[in-house]
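Descriptive analysis of the structure
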Amino acid sequence: MLAGVELGGTKIICTLGTGPDAIVDSRRIATGEAEPTLAAIEAVLDDWVRSYPSIAALGLASFGPLELDPAAADYGAITRTTKPGWSGTDLAGRIRRRYDLPLAFDTDVNGAALAEGRWGAARGLRSWVYITIGTGVGAGIIVNNRTVQGLGHSEAGHMVVRRSRNDSFAGICPFHGDCVEGLVSGPAIAAHTGLKGEHIPDDHTVWDSVSETIAEMIHNLAMSTAPERIILGGGVIERRPSLFTPIRRAVVESLAAYAHTPAIAGDIDRFIVPPALGAMAGPLGALALASTALPVVLAGVGE
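Below is a short write-up of the structure. Bear in mind that the values here come from a model prediction, so they are computed numbers and not experimental data.

**Re the side chain of Asp46**
Structurally, the position occupied by Asp46 is in helix 1 (residues 34-51). One polar contact links Asp46 to Tyr99, side chain to side chain, over a distance of 2.7 Å.

**A closer look at the sheet that holds strand 10 (residues 272-273)**
By way of backbone hydrogen bonds, the strands of a sheet pair with one another, either parallel or antiparallel. What the five strands build is an open sheet, ordered 8-7-6-9-10; its pairing is mixed. Because the sheet does not close on itself, it has two edges, and the strands there are strand 8 (146-147) and strand 10. Across two bridges, the pairing between strand 7 (residues 137-143) and strand 8 is antiparallel. Bridge pairing in strand 8 places Ile142 opposite Thr147. With respect to the sheet, helix 6 (residues 206-225) is in contact with strand 6 (128-133), strand 7, strand 9 (230-233) and strand 10, its orientation differing from that of strand 6 by roughly 160°.

**Observations concerning unusual backbone geometry**
Here the residue pair Gly64 and Pro65 is connected by a cis peptide bond, since its omega of 0° sits within 30 degrees of zero. When you line up the elements, Pro65 lands in the loop between strand 4 (57-62) and helix 2 (91-98). For Ala259, which is not glycine, the phi torsion reads 50° and is therefore positive.

**Quick look at the state of the cysteines**
Taken as a whole and judged by the stated rule, the model has zero disulfides. Cysteine Cys179 is unpaired, with the sulfur of Cys173 as its nearest cysteine sulfur at 3.8 Å. With relative accessibility at 0%, the residue Cys179 sits in the buried group.

Cut-offs applied
- Residues numbered from 1 in each chain as written.
- Predicted model: local features only at pLDDT ≥ 70, side-chain atom pairs only at ≥ 80, totals over all residues.
- Heavy atoms only, no water.
- Helix = DSSP H or I, 4+ residues; strand = E, 2+ residues; numbered from the N terminus.
- Polar contact = N/O pair within 3.5 Å; in protein donor to acceptor, adjacent residues only side chain to side chain.
- Pairing = 2+ DSSP bridges.
- Contact = heavy atoms within 4.5 Å.
- Axes fitted to C-alpha atoms, helices over the stretch in contact; angles between N-to-C directions.
- Disulfide = S-S within 2.5 Å.
- Buried < 20%, exposed > 50% of the residue type's maximum accessible area, 1.4 Å probe, protein only.

Here you go:
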């Protein structure tokens with residue numbers, strides 16, 4: 001049995017099970033201030049640990065930025081985040097001290113990427129990218145079945161891209177203004193239009209800008225990491241699946257048949273795809289992380 005916690009900007013999903021076909025329990029918590037939110041997570045985990053002594057590992061998949069270097073003094077912490085009141089929170093350390101279980105800790109989008117590789121749209125591939133467009137924008141980059149990490153984890157959602165034509169929106173990112181997240185996240189779209197996402201008509205010009213910006217991001221990822229597939233998810237995309245058509249078209253035009261990209265253009269509908277796990281990619285990502293804490297004992301779990 002595995003326990004996973006996915007911490008998102010607006011909600012937290014706690015999941016107990018071994019894979020998509022074996023979910024024993026799932027509980028949702030609103031993401032509020034750090035201390036009461038962490039206490040609510042611990043209440044769920046306390047209940048599960050008491051009730052299910054077969055739990056073998058925990059997976060913690062969180063919004064970031066995170067300190068993932070085990071040698072760092074603040075390893076396991078949320079660092080300088082846009083989420084008010086959460087910067088400096090010792091997330092993994094607090095959970096590790098409370099439970100005598102192996103713990104795997106990574107970003108929420110890296111967890112979702114691993115879940116799609118284990119059970120979803122990237123099964124059988126070596127390299128892929130999972131992009132989420134929601135409250136924030138993130139990308140889990142997998143190369144040779146490993147998450148990309150150097151000085152820190154990927155923050156591709158904050159890459160700066162060429163601006164969409166005739167678009168003067170300044171963006172809302174407090175750090176970079178008009179980075180990808182500052183332009184196409186759910187809050188950015190609302191700020192751009194003055195409307196909530198569900199009230200924006202399909203023919204609003206903002207969707208042209210959103211599609212072009214996401215396509216620019218995919219262009220850069222295709223050229224820098226050469227993934228075999230791009231998995232595009234998150235609340236904005238889930239509510240507007242029609243965006244796949246202009247995004248795919250813009251990517252083909254932007255890549256301009258350079259280098260390896262004719263293969264992408266020739267099969268664009270299979271190169272840019274929705275997550276096979278749907279909205280469960282994130283919660284299952286926490287379970288996928290938990291399984292990595294015991295790679296020998298749990299090899300093949302959920303397969």
